[in-house]
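Working through the structure, step by step
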Amino acid sequence: MANAYLVVRIKGQADCPYWATHTMTLLKLDKKYRATILPAKENTLGMLRKVQHYVSWIELDASLAKELIDKKARKGGYQKITPEDLKELGFASSDELGTALAEGKATLSKLKPLKPWFALAPPKLGFKRSTKRLYGNKGILGQNKELDTIVRRMI
């Protein structure tokens, strides 16, 4: 079983029912193309399956976590994080923080000056599959094995 999941909201707010909006708010996915890192628990996986028609997720590896932290992590005022900020959090480098997030030892929501999400752009060259279908049906929603390449194009 995975230690942490990278979750990306693919669909926007239009025609989204209240229960799905509320679940995505609890997951810190308020807007389209927001991403977050969640530790793998039974209730987390249940929430992801509940909103699988709006989000996409993958088991997180340390290299992708480090890349997200280096390029997209922000603190208050939407400022980039510095090595001094990482030292205040108790991590020597972004490598160490990325590894801790990927192993489920740290969570973004508990690292206080950091925002609990990453704001991504739409992917360069677009989505190669349908954004309206699940991964098993030639789409990108739900548990997606190819999400890491899509996220690297969104950074």
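Everything below is about the structure printed above this text.
Quick caveat: nothing in here was measured; it's all calculated off a predicted structure. (Residues numbered from 1 in each chain as written. Predicted model: local features only at pLDDT ≥ 70, side-chain atom pairs only at ≥ 80, totals over all residues. Heavy atoms only, no water.)

1. Observations regarding the packing of aromatic side chains
Here the structure, examined in full by the defined rule, presents 1 aromatic pair. Positioned over the ring face of Tyr54 is Lys11, at 6.0 Å from the centre of the ring. The aromatic ring of Trp117 is capped on one face by Arg34, whose charged end is 3.6 Å from the ring centroid. (Phe/Tyr/Trp six-rings, centres within 6.5 Å; stacked < 30°, edge-to-face > 60°. Lys NZ or Arg CZ within 6 Å of the ring centre and 35° of its normal.)

2. A closer look at the sheet that holds strand β8 (residues 139–143)
Ordered in space as β6-β2-β1-β3-β8-β7, the 6 strands form an open sheet in which the pairing is mixed. Either end of the sheet is taken by a strand with one partner, and the two such strands are β6 (118–119) and β7 (130–134). The pairing of strand β2 (residues 34–39) with β6 spans 2 bridges and is antiparallel. Bridge assignment links Ala35 to a residue of β6, and that residue is Phe118. The strands touched by helix α6 (residues 147–154) within the sheet are β1 (4–9), β3 (55–59) and β8, with β1 carrying the most contacts at an inclination of about 55 degrees. (Pairing = 2+ DSSP bridges. Helix = DSSP H or I, 4+ residues; strand = E, 2+ residues; numbered from the N terminus. Contact = heavy atoms within 4.5 Å. Axes fitted to C-alpha atoms, helices over the stretch in contact; angles between N-to-C directions.)

3. Considering the pairing of β2
Burial analysis of β2 places 6 of its 6 residues in the buried class, which makes it a mostly covered element. Alternating residues of β2 divide into Arg34, Thr36 and Leu38 and Ala35, Ile37 and Pro39, and every residue in both groups is buried. Here 5 bridges tie β1 to β2, and the two strands are oriented antiparallel to one another. Its bridge partner being in β2, Tyr5 is matched across the sheet by Leu38. (Buried < 20%, exposed > 50% of the residue type's maximum accessible area, 1.4 Å probe, protein only.)

4. Observations concerning the nonpolar core
Counting 34 residues, the largest nonpolar core has Leu6, Leu120 and Val151 as its most contacted members. Mapped by element, the contributors of at least two residues to this core are β1, β2, α3 (62–72), α5 (94–102), β8 and α6. Setting aside residues up to four positions removed in sequence, Val151 forms contacts with Leu6, Val8, Leu64, Leu68 and Leu120. The next biggest cluster of nonpolar side chains, apart from the first, holds 16 residues, and it includes Tyr5, Leu27, Leu38 and Trp57. (Core = buried A, V, L, I, M, F, W, Y, C linked by side-chain atoms within 4.5 Å.)

5. Notes on α6
The set of residues buried in α6 consists of Leu147, Ile150, Val151 and Met154. Looking straight down α6, one finds that the buried residues subtend no more than 100 degrees of arc, so they occupy a single side. On the buried face of α6, the contacting elements are β1, β3, α3 and β8. (Arc of directions from axis to C-beta.)

6. A closer look at unusual backbone geometry
The phi angle at Asp15 is positive, at roughly 60 degrees, despite the residue not being glycine. In this structure Asp15 comes out as exposed when scored by relative accessible area, which is 78%. Even without a glycine there, the phi angle at Leu125 is positive, about 70 degrees. The residue Leu125 is located in the loop between β6 and β7 in this model.

7. Let's talk about α3
Structural remark: α-helix, 3.6 residues per turn; residues separated by three or four positions point the same way. The set of residues buried in α3 consists of Leu64, Ala65, Leu68, Ile69 and Lys72. The buried side chains of α3 occupy one side of the element, clustering within an arc of 135 degrees when seen end-on. Contacts from the buried residues of α3 go to β1, β4 (74–75), α5, β6 and α6.

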